[in-house]
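Chain by chain, the residues:
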Amino acid sequence: MMGILNVTPDSFSDGGEWFESERAIMRAHEMIAEGADVVDVGGESTRPGAEPVPADEELRRVVPVVEALAGSVRVSVDTTKEAVAEAAVHAGASLINDVSATLWPAAARLGVGWVAMHRKGTAATMQRDPHYDDVAREVAAMLVDRAGRAAAAGVAEVWIDPGIGFGKTVDHNLRLLGSLGDLVATGYPVMVGTSRKSFLGTLARTVDGLPAPVDERLAASLATATWAMQQGVQMVRVHDVAATVQAAVLVGRPQERSSRSEVGA
Ligand code: HH2
């Protein structure tokens, strides 16, 4: 289970720099207590149309938080910038979560794991009418190609991720979720992130029939995370760690349930 830790400014807080990192570190400790195996620290939003963050600002956000957490949990850094990845690794991160799928040479050089995520276009362009002839086949082919290059360059731990919501329509996302088994069959460990994403809001409606807003997507997030785990996905990237761990114990990872029932309750 990978817990999402966004270290980005909050317009409702005026607590300044100390408050921002302190709050992030507190949230990370909550997620660790809830059962997160990895904490994914990110200083730049990748949402469609999000403003790019300069490297020095991203470094300022990410590095102190990575440093503070690295002794307590496995830390990954969610970045597309080599300088940020390198500084985070020096601060204790051991996994580069790379939505651009370009940083494998850095992972090889630094001797850490690497997540290759599929994305079509950039944050600015990716949701402008994305098109595929066969989304599942094209995404798998790109990921296997990148993963092969990374392995050949010497990266010992390579993850692949279909990049739900990154240059994909609702239909593309559903097709990718439906074909997770094909990614698992490649032999590379697979990671998936559906947590609170907008396609869930489009499909899951409120009682008024409106698209579910971001804070009403928990049930849909859990349904997709448990589906992914049942397909053999080894890591889910989530905001709601405690709830996802509960769901995983019941239906996502039967092996976890049997080991827990042996100890008693
Ligand atoms: N999704 C987001 C960011 N990083 N990394 C991986 N490997 N897979 C994903 O699906 C993925 C990711 C979405 O990021 P953002 O829109 O910034 O929101 P949040 O980080 O809160 O999920």
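Further up the page is the structure itself.
None of these values were measured; they are calculated from a predicted model.

**Some points on the site of the ligand**
Stage number 1. Neighbouring the ligand are 17 residues; Asn-6, Thr-46, Asn-97, Asp-161 and Lys-197 lie closest to it.
Stage number 2. One of the side-chain N or O atoms of Asn-6 is found 2.8 Å from an oxygen atom in the ligand.
Stage number 3. Bound to the protein, the ligand loses 95% of the 480 Å² it would expose on its own.
Stage number 4. Of all the elements in the fold, those that place two or more residues in the shell around the ligand are β1 (2-6) and β5 (113-117).
Stage number 5. Looking at the shell around the ligand residue by residue, the classes come out as six nonpolar, six polar and five charged.

**Focus on the pattern of salt bridges**
Stage number 1. Applying the stated rule across the entire model yields 16 salt bridges.
Stage number 2. Two residues, Arg-237 and Asp-40, come together in a salt bridge whose shortest N-O distance is 2.9 Å. Of this pair, Arg-237 sits in strand β8 (residues 235-238) while Asp-40 sits in strand β2 (residues 38-42), placing them 197 residues apart in sequence. Per residue, the accessibility class of Arg-237 equals that of Asp-40, and both read buried.
Stage number 3. Measuring nitrogen to oxygen at the nearest pair gives 3.2 Å for the salt bridge that ties Arg-109 to Glu-86. Residue Arg-109 is located in helix α4 (residues 104-110), and its partner Glu-86 is located in helix α3 (residues 82-90); the two are separated by 23 residues in the primary sequence.
Stage number 4. When its relative accessible area of 47% is taken as the criterion, Arg-109 is described as partly exposed.
Stage number 5. According to the relative accessible area criterion, Glu-86 is partly exposed, its value standing at 26%.
Stage number 6. Several salt bridges share partner residues, and in doing so they unite Glu-20, Glu-57, Arg-60 and Arg-61 into one network.

**Description of helix α6 (residues 170-178)**
Stage number 1. All of the buried residues along α6 are His-172, Asn-173, Leu-176 and Leu-177. The buried residues of α6 occupy an angular sector of 135° when projected down its axis, which confines them to one face.
Stage number 2. Contact partners of the buried residues in α6: α5 (135-153), α7 (180-184), β7 (191-192), α8 (198-203) and α9 (218-230).

**Observations regarding the packing of aromatic side chains**
Stage number 1. Using the criterion set out here, one finds one aromatic pair in the structure.
Stage number 2. Its guanidinium or amino end placed over the ring of Tyr-132, Lys-120 lies 4.3 Å from that ring's centre, counting from NZ or CZ.

Rules used throughout
Residues numbered from 1 in each chain as written. Predicted model: local features only at pLDDT ≥ 70, side-chain atom pairs only at ≥ 80, totals over all residues. Heavy atoms only, no water. Near = heavy atom within 4 Å. Polar contact = N/O pair within 3.5 Å; in protein donor to acceptor, adjacent residues only side chain to side chain. Areas by Shrake-Rupley, 256 points an atom, 1.4 Å probe, with all protein chains shown as cover. Helix = DSSP H or I, 4+ residues; strand = E, 2+ residues; numbered from the N terminus. Nonpolar A, V, L, I, M, F, W, Y, C, P; charged D, E, K, R; others polar. Salt bridge = Lys/Arg side-chain N within 4 Å of Asp/Glu carboxyl O. Buried < 20%, exposed > 50% of the residue type's maximum accessible area, 1.4 Å probe, protein only. Arc of directions from axis to C-beta. Contact = heavy atoms within 4.5 Å. Phe/Tyr/Trp six-rings, centres within 6.5 Å; stacked < 30°, edge-to-face > 60°. Lys NZ or Arg CZ within 6 Å of the ring centre and 35° of its normal.

Keep in mind that these numbers describe shape and distance, not what the molecule does.
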